[in-house]
Structure formats: structure tokens, C-alpha cells
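# Geometric and topological summary
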2 protein chains.
Amino acid sequence: MHGAHRTDRYDTTRRLTARKTARNACAAMSKRPIRTTGKTTHAGAAPVAVALNAVILVVDEDAPKVLCARSADGAIGLPYGPFDPARHRTFETGLREWVERQTSVRLGFVEQLYTFGDKGREAPAALIEGGDASARVVSVGYLALAAEAAPVNAADAQWRSWYDFFPWEDWRRGAPQVLEAVIEPGFTAWFRRATDAATRAQREARVAAAFGMGDLPWEEERALDRYEAMYEAGLVAESWRDRTAAGLAPPGGDPDLPRATGLSMGSDHRRILATAIGRVRGKLKYRPIVFDLMPSRFTLLSLQRAVEAIVGFNLHKQNFRRHVEGAGLVEKTELTERQTSGRPAALFKAAAMPDKAAGGLSIPRVRTAVR
Amino acid sequence: MHGAHRTDRYDTTRRLTARKTARNACAAMSKRPIRTTGKTTHAGAAPVAVALNAVILVVDEDAPKVLCARSADGAIGLPYGPFDPARHRTFETGLREWVERQTSVRLGFVEQLYTFGDKGREAPAALIEGGDASARVVSVGYLALAAEAAPVNAADAQWRSWYDFFPWEDWRRGAPQVLEAVIEPGFTAWFRRATDAATRAQREARVAAAFGMGDLPWEEERALDRYEAMYEAGLVAESWRDRTAAGLAPPGGDPDLPRATGLSMGSDHRRILATAIGRVRGKLKYRPIVFDLMPSRFTLLSLQRAVEAIVGFNLHKQNFRRHVEGAGLVEKTELTERQTSGRPAALFKAAAMPDKAAGGLSIPRVRTAVR
DNA sequence: CTATATATGCTCGCATAGAGCATAATTCGC
DNA sequence: GCGAATTATGCTCTATGCGAGCATATATAG
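A few points on the structure. (Residues numbered from 1 in each chain as written. Chains lettered and ligands numbered in written order. Predicted model: local features only at pLDDT ≥ 70, side-chain atom pairs only at ≥ 80, totals over all residues. Heavy atoms only, no water.)

We now examine the sheet that holds strand β9 (residues 330–337) of chain B. Residue and element names in this part refer to chain B. An order of β8-β10-β9 is seen for the three strands of this open sheet, with the pairing classed as antiparallel. One side of each edge strand has no neighbouring strand; the edge strands of this open sheet are β8 (298–299) and β9. Where β8 lies against strand β10 (residues 345–350), two bridges are found, and the strand directions are antiparallel. By the bridge assignment for β10, F298 is matched with F348. (Pairing = 2+ DSSP bridges. Helix = DSSP H or I, 4+ residues; strand = E, 2+ residues; numbered from the N terminus.)

Laid out in C-alpha cells, this is it:
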């Protein structure tokens, strides 16, 4: 594992910081033998910079959209801002600040996604400017939901459907063509490139689980698993770009395939977006977060369309109402909406306290006292 | 202040190479008009130090245990080590390194939990030593599962049942006494302390949802929600400690109550542990992670006991087998175990590819083509 | 008035989870 | 060696939930 010497200590506690820069704090942290196992000394790890990455989502008609920005090198990416510990008490404060200052988007639900710290993830930009290999920018990814696709005042910012980046995730109009036409052949080739039978079987099992092949079901919330499998199989542009930048051999397979698998993003932003998609899709099932994406009044059909946009497949209309109304998540108003044609739909609003829970288990719990 | 946490699965990959110091990277990041929305220039945020916090879990008989360490000031806490970007390519690499070096624990499943960056979470120590409020240590919390409670060589490290810290989470022997005796009265007092009716209703709704009161179900995975509600209601020692340290008024209520609500931990470690408990409990339902906590061969009853230890309530034996066997998660071996009394149980092992999915939805999806 | 389109109410059947009975295979006390 | 105690394991019963679809209500377009 990594030369150098061993250092850390393993101790509990509160950060002993105080009147020191973070660098000093870190050094102190490792020098002090705070009990536990610690007996090693550590010269002091280099500090890192923290950036806040935001996946800001809205649902516009039947398109789930994400706020995108264009970076200096022309790549599309997610907007982000620096986190300044001196000015922000929490990550979320920092995030809301720069988002609301630089865009007119009003954020509703905000939740931390994941913290990305892999060396090299910020590669392209870093390489261009050259520098110290020990540097590290840690990105804390956040998911934020907004009710309206407010026009963004920034020049190169824009709302895009997330299916521009993940065309295989949209099953609303049947099985995505790109799956059969491009992705499956690509994976098949990847299986064949395996050096041994075990690796090959492993790859097949992984893809089958992620993409719901065989008798396995398509699980919409596994968007990240799918993207990562495609990345490793060389089916997305980022895979080729990163391996080239790192001086490694290309991933193999047809270099033209990635052109058909959706728009790529700079850095690892498409991965972050995949994480966000998976999270929203999963969370939708056990928390009423859809309403953060809806206007104050809506019809059940528009609500259904929003859910469909997110999960990527169609729902059964009557059953959808049955669930939503039965769960007490919405309240009917006196108003109705009259649009082009058909019977006017009742307008609903989110229930005052939609904090109930659904969430299906597969654990046979005991209700009675006896076991 | 203490926002909602919760993250998800993950797995990192990807490498490249970065250049320049973190401080420079950060400055460059903010100065450079990376398009997007950025037009603000930022003087260059102070860098922060990153610590890796580990919640290392095992199941010992019917106790879910967590590896604890004792800090200099005597508080119990989670073990942690610094993250050195110069030596570690990824967070997980760094984590595994110091864990495996300083303990003899062999980690199985590892997953990022949440990144904690709130100012003041390290409050006590920082205040004691006095100092710069701008210094910041960001903690990346990790969940790690191990199959065996290996003896730890560190002096002050020990395995403890997580129910020592969360006695109200264990329903295996009926409703936890502490709930009725201490927690409910404590919350009732908290409701009464609300200054207005709206606040009061909000508090009641929140507690009802978290603790499953009224007709709401107890959701075992909401451990964090419960802890946070108790923290705000002044029902845990950390609440009093933190508010005192910050020079704020005490949370109110009976200062003796926290003595009855389980062991406290230093810093915000009990919160991190609550996050971990919620995560394991939730993940258990849709991924076969239990097997990372089991020996290679086990009986179905021991597997059931492990699950019960985690979720905190008892399961129906026959139905448990039906599910586990039916889902193809385990394979029967030829061996049987003979213990004290009763019919010998067949020994099972985890299925070769337990990658299927369970996961109950509450979304009425369409199977046929028609909507 | 007719065709069409959407909203909304209601029922049917199957799969599944919760619950519990019955039987099998051991050890233990005597 | 025998009955009691204990644990394992197979099987059935039933309520519920969900996928599915029929039927009816209420609007617009022409």
C-alpha cells in the first residue's frame, strides 16, 4: 500500500484544533498520542481544499432537468463553488449561498450526496495548469431540488434533461434503443475481452444485476452501478479520456461506441449526476420529496408525470392515484384545472404533514408478542 | 443545524493525476471563471484537514458491536485517522490502511456514510484549547463491516454493543423501558416548552414520525431522526455539553434525564453512529450485506439472530427461512451443527452471487405495454 | 350531437407477508 | 432406555397490497 511510513493514530475524539491553521491542526492531530493505539507519529498530512458540487434538479413538463455549466475547456459540467470554512458554518450554508447568489434558483430539499476524494478526479483542469501531484480537491456533492426551472443569468449555464447524459435510463417510451443497439454489444465485447473465465463471469453477473438482464428486474435506482459498469467497459467517453490522460492503455473495444451513449461531462461530474439520479429515485419511494419539485397546486396527472420523469418508466394511472390519495400525501382543493380537452382535473396540494412513511421491507417482522 | 444525513452505496474507481497544492488548487478554482455561474472571485478559502472516521461493526452472538476508542479527555468515541492526500489515492485506501495497521480487524464491506463539516461539531476540545474559529476539520464518516470481533491491540479500544449508546433502539425484548420511563416524558416536556402552537405541533409531528407514535409505524432505519430529535429536546448528554460549550443557554428540561438515555460519546460521534445504524438497517433490506458480518458457515438461526441484532426486533423464524432460502441468498452445505440441545441445524454459506435485489416499492409500475 | 380525450370510481385475481400448526431430530434428566 | 425439553423444518391459512383493467363522468372540438 503506499510507501512512506505509517502514521495516523486512531483515537477518538474531538478535534483538537484551535488557533492553528488547518494544516497545523492536522499536524497536531497526528502528533498527539491520544491514547488508543496511537504510537506512530505523522509529519502532518497536506491539507485539502473543499469544493461544493451541486446537482440541482427540476422537473419541467415531463423532462427531469439538471442545471449545467460549461467549463473553460468547453466540457459540460455541474456548477460548483468553493467551501470557505471561515465564512460558512455548514456545507449546506455555503452551498445555498453561492447557488442563490449566482442563480435565481430557489432551492427546496437539499441533501448531501457523497464526498469525492479520489486522486485524479479533477484531472483535466489540473493537468492543463500543471502543478504538485500531492494536491487534492475534495468535492462534497449535494443534491438540491427546486420547484421551478428559473432562468439562469449566467452565460453558459443551462437546464438540460438528465436523459441527455443517460439515454439508457429512460424507459418511458419503451426500452431505450441505445441499449440493444450499442450498450449490449459493447458489454458483450467487454465480456469477451476478459482474460479468464472467472473475470468474464464476474463481468456478466455484474452487468446482469445492474441492467436487469435475465430474470433480474431493472432497478431504476441503480443508475450509478450502470454508469460505472459502462465506464469500466469503455462505453462512455470519460473512460477513454481519463485513461488517456493518465497515460494508460485505452479501455479497449470500439472507440466510436461512446459517441452513441449520451453526452459526456467534465471531470467525474457524470458520475456525480448518476449518484444523484439513483438517490432521487430511491428516496422517492420512502420520502415525499416529489413535492419539492412541484408547484404549490398540481393535478394528479402532473404529479404522476413528474414521478415518471424521475423514475424513468410509466405508472398505472388509477393505481397511482389510489396510492397517493390513500397515503394521505395530498389534499384536494376546490379548484380544478381546465386545459385543452377532457374532463377538468382537480387541483391538489401537498399534505400539511407528509411525513408518513411507505418503504417496503423484505423482513418478516413479528407483530404479536410471540415469536 | 444538524441537518438530515443519509447517503448511499458507493464504490470508487478512477484515477488520474493532479497537480498543484491544495491551496493553490482552491484559489485557482475560485479565481478562474470556470464559466458556470461563477463570476465571484473568492480570496481563496482556508484549506481544511480531512479526518476519516470509522464505524466498524461486528455481530457477536446477539449483540451488534462497534469498535470504540477512548480519547484523552476520557470520552468514548469512534476511532479515526487523518487522511493524507499525499499518500492515499482514495479515502477508502486511507481508511483501510490505518484500520488494518492499528487493529487486527479485517474489514469486509466498506461504504462512505456522510461527511461532517459543521462548525462547532468539534466544539468542546476547540473551546478548551481556545483558538481560531475558522480552523476546520472535515470528517468523512465510513461504515465498515467485519466478520469477527478480533481482539484489538490498542489499550483503550474496545467493542461495545451499540445499544449501550442507543438503548431505545432495541425492541427484541419488548418495548424499551427507557422509552416510556424517560424519553416520552422528556418529549412531552419539550412539547410544552414550545413558545407557540405551531412549533409545538411541529415538534409533536416530528417525534411521532421518528418514534412511530400514534398509528405511525416504528421505522428502525430512522435511528438518526430519533437521535436528532432527542438531541434537540435535550434528552442526550451531548446536547447539554455542546450548548454549554458554545456559551448558549441549556436546552431546557430536566438535566438528569440524559443520564438514563445511554452512554454518550465525544464530539458528534454518537450522531455518526446513529447514521451508521440507520444505514445498515436500511441497506440490509435491499443488499445482502449481512453476510459480511457472518462467518463462512452459519446456521439459519444464527443468521436470523444477526439480523435481529441489527434491526432491533425479532423475526418470525419460519418466514425468515422461507425468505432467505427462497431468495437464493444462501446455499445449504452438507454439514450440520450440533450444539447443546435440539435438532441439529444445517450449516449454510452465502450464495456465490447474491446480487439479486429485493426492495419493496410503493410505486405502481406498469408491466404491460399499455398504460 | 358525435367523436374524442381526460378524470375518476370500482372490482378482480394473484403474489406475498404475517401467523401459526405439525412434525422431525436431537440432548438431557432420570 | 424413556419421556421431556429443545430446536429445526415443512406446510397451510388468510389478510393485504399491487398490477391490471372495466366502467362511468365531464370536458372540448367540430
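A few words now on the environment of V137 of chain A. All names here are of chain A. Note that V137 resides in strand β6 (residues 137–146). Exposure remark for V137: the relative accessible area of 8% places this residue in the buried category. Remark: the alpha-carbon pair of V137 and A49, spanning 88 residues in sequence, is separated by 4.9 Å. (Buried < 20%, exposed > 50% of the residue type's maximum accessible area, 1.4 Å probe, protein only.)

Residues and elements named next belong to chain B. Counted under the stated rule, the structure contains 52 salt bridges over all chains. For D60, the salt bridge goes to K65, with nearest N and O atoms at 2.9 Å. E221 serves as the salt-bridge partner of K285, at 2.8 Å between the closest nitrogen and oxygen. Of this pair, K285 sits in the loop between α8 (269–283) and β8 while E221 sits in the loop between α5 (197–211) and α6 (223–232), placing them 64 residues apart in sequence. (Salt bridge = Lys/Arg side-chain N within 4 Å of Asp/Glu carboxyl O.)

Residues and elements named next belong to chain A. Relative to the elements of secondary structure, I183 occurs in helix α4 (residues 177–192). We classify I183 as buried; its relative accessible area is 0%. Linking I183 and A75, residues 108 residues apart in sequence, is a C-alpha distance of 23 Å. Apart from the residues lying within four places of it in its own chain, the contact partners of I183 are W168, V178, F211, M230, L235 and T261. (Contact = heavy atoms within 4.5 Å.)

All names here are of chain A. The alternating pattern of strand β7 (residues 158–161) places W159 and S161 on a buried face and Q158 and R160 on a face that is not buried. As paired elements, strand β2 (residues 63–70) and β7 share four bridges and run antiparallel to each other. Opposite L67, over in β7, you have W159 as the bridge partner.

The next point concerns the sheet that holds strand β8 (residues 298–299) of chain A. Strand order in the open sheet formed by three strands is β8-β10-β9 (chain A), and the pairing between neighbours is antiparallel. Every interior strand has two partners, whereas the edge strands, β8 and β9 (330–337) of chain A, have only one.

Moving on to the packing of helix α9 (residues 300–311) of chain A against helix α10 (residues 317–326) of chain A. Residue and element names in this part refer to chain A. In the contact formed by α9 and α10, the axes pass within 11 Å of each other and the chain directions differ by 100°. Judged by the angle between their axes, α9 and α10 are roughly perpendicular. Two secondary-structure elements touch here, α9 through L300, L301, L303, Q304 and V307 and α10 through K317, F320, R321, V324 and E325. Residues that form the contact of α9 with α10 fall into these classes: six nonpolar, one polar and three charged. (Axes fitted to C-alpha atoms, helices over the stretch in contact; angles between N-to-C directions. Parallel < 35°, antiparallel > 145°, perpendicular 65-115°, else oblique. Nonpolar A, V, L, I, M, F, W, Y, C, P; charged D, E, K, R; others polar.)

Turning our eyes to something else, we now look at unusual backbone geometry. All names here are of chain A. Despite not being glycine, E61 shows a phi value in the positive range, around 55°. In this structure, E61 sits in the loop between β1 (49–60) and β2. Relative accessible area serves as the criterion here: at 69%, E61 is assigned to the exposed category. Its identity is not glycine, yet S267 carries a phi of approximately 50°, on the positive side. With respect to the secondary-structure elements, S267 resides in the loop between α7 (237–245) and α8 (269–283).

Right, let's talk about the packing of aromatic side chains for a bit. Summed over the entire model, instances satisfying the criterion amount to 26 aromatic pairs over all chains. Measuring from ring centre to ring centre gives 5.5 Å for F166 of chain A and W168 of chain A, while their planes differ by 80°; the resulting arrangement is edge-to-face. The pair F166 of chain A / W168 of chain A is uniform in exposure class, with both members buried. Ring geometry for F83 of chain B versus F91 of chain B: centroids 4.7 Å apart, planes at 70°, classification edge-to-face. Residues F83 of chain B and F91 of chain B agree in their burial class; the two are buried. Connected via pairs of aromatic rings, a cluster forms that spans W171, F187, W190, F191, F211 and W218 of chain A. Lying over the aromatic face of W218 of chain A, R226 of chain A brings its terminal NZ or CZ to 3.8 Å of the ring centre. One residue, R270 of chain A, lies across the ring of F166 of chain A, its end atom 5.9 Å from the ring centre. (Phe/Tyr/Trp six-rings, centres within 6.5 Å; stacked < 30°, edge-to-face > 60°. Lys NZ or Arg CZ within 6 Å of the ring centre and 35° of its normal.)

Residue and element names in this part refer to chain B. With respect to the secondary-structure elements, T336 resides in strand β9. T336 gets classed as partly exposed once you look at its relative accessible area, which sits at 41%. Considered as a pair, T336 and T299 are 37 residues apart in the sequence and their alpha carbons are 8.3 Å apart.

All names here are of chain A. For the pair helix α5 (residues 197–211) and helix α6 (residues 223–232), the least separation of the axes is 9 Å and the interaxial angle reads 145°. The two elements α5 and α6 meet at a crossing, and its hand is left-handed. Two secondary-structure elements touch here, α5 through R206, A210 and F211 and α6 through D225, R226, E228, A229, M230 and E232. Of the residues that constitute the contact of α5 with α6, the class distribution is four nonpolar, no polar and five charged. (Left-handed = near helix turned anticlockwise from the far one by under 90°.)

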